[in-house]
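Summary of the model geometry
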Amino acid sequence: MDKITKTDAQWREILSPEQYHVLREKGTEPAFSGKFNDHHEVGTYVCAGCETPLFHSDAKFDSGTGWPSFFKPVDETHIAKHEDKSWFMVRTEVLCAVCDGHLGHVFPDGPEPTGLRYCINSLALQFEPQNAGK
């Protein structure tokens, strides 16, 4: 997949201020505030910055944390992981591999089969229903 790079001004044109804060400034939406936290439609969650497919709805689960949670990505090559030492702790940040947008973090306390919990900001996502346009 080819990288997408845009200027700061270009990102600000296509993203809402709230999306820009999360995706480009590594912000976090308040717990239980995101539109996809309690979302149960069948389809694919894509990056709000570049529409790269990130997570299928069948990998989504209720973690009780207040953010959409997934146990695996659509494809490991669609995400990037980086060590995050902010907030006086060490976490693994999850980014879109195509546009480098901040998505959230991944933790080792998820369900089987992966044991992972990708804790993702709703503002970093868009949803494409399974039967959209068909």
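Residues numbered from 1 in each chain as written. Predicted model: local features only at pLDDT ≥ 70, side-chain atom pairs only at ≥ 80, totals over all residues. Heavy atoms only, no water.

By the naming in an unreviewed UniProt entry, the protein goes by Peptide methionine sulfoxide reductase MsrB and is assigned to Desulfomicrobium macestii. Comment text from UniProt for the protein, heading Sequence similarities (unreviewed entry), reads "Belongs to the MsrB Met sulfoxide reductase family." (UniProt positions renumbered as here; feature names shortened; annotations may be inferred.)

Bringing the pairing of strand β8 (residues 117-120) into the picture now. Here β8 shows two buried faces, one formed by Arg117 and Cys119 and the other by Tyr118 and Ile120. Bridge count for strand β4 (residues 69-70) against β8 is two bridges, and the pairing is antiparallel. Bridge assignment links serine 69 to a residue of β8, and that residue is cysteine 119. Here four bridges tie strand β7 (residues 102-107) to β8, and the two strands are oriented antiparallel to one another. Directly across from valine 106, in β8, lies its bridge partner tyrosine 118. (Buried < 20%, exposed > 50% of the residue type's maximum accessible area, 1.4 Å probe, protein only. Helix = DSSP H or I, 4+ residues; strand = E, 2+ residues; numbered from the N terminus. Pairing = 2+ DSSP bridges.)

This brings us to the nonpolar core. Grouped together as the largest cluster of nonpolar side chains are 25 residues, with contacts concentrated most on Leu103, Tyr118 and Ile120. Elements with a contribution of two residues or more to this core: α2 (17-25), β1 (43-47), β2 (53-56), β6 (91-96), β7, β8 and β9 (125-129). (Core = buried A, V, L, I, M, F, W, Y, C linked by side-chain atoms within 4.5 Å.)

Time to look at the pattern of salt bridges. Applying the stated rule across the entire model yields seven salt bridges. One salt bridge connects arginine 12 with aspartate 8, and the closest N-O pair in it is separated by 3.0 Å. Of the two residues, arginine 12 and aspartate 8 both sit in helix α1 (residues 8-14), four residues apart, roughly one turn of that helix. Judged by its relative accessible area of 47%, arginine 12 is partly exposed. (Salt bridge = Lys/Arg side-chain N within 4 Å of Asp/Glu carboxyl O.)

A separate point is the sheet that holds β4. As summarised here, the arrangement of the six strands in space is β3-β4-β8-β7-β6-β5, forming an open sheet in which the pairing is antiparallel. Single-partner strands in this sheet number two, and they are β3 (60-61) and β5 (79-84).

This paragraph deals with the environment of threonine 44. Position of threonine 44 among the secondary structure elements: in strand β1. Judged by its relative accessible area of 15%, threonine 44 is buried. With 21 residues separating them in the primary sequence, threonine 44 and leucine 23 have C-alpha atoms 18 Å apart. If we ignore the near neighbours within four places in the chain, the residues touching threonine 44 are Pro53, Phe55, His56, Val74, Gln126, Phe127 and Glu128. (Contact = heavy atoms within 4.5 Å.)

This next bit is on the UniProt feature "active site" (unreviewed entry) in the protein. Within the UniProt annotation, "active site" (unreviewed entry) is assigned to Cys119. For cysteine 119, the location among the structural elements is in strand β8.

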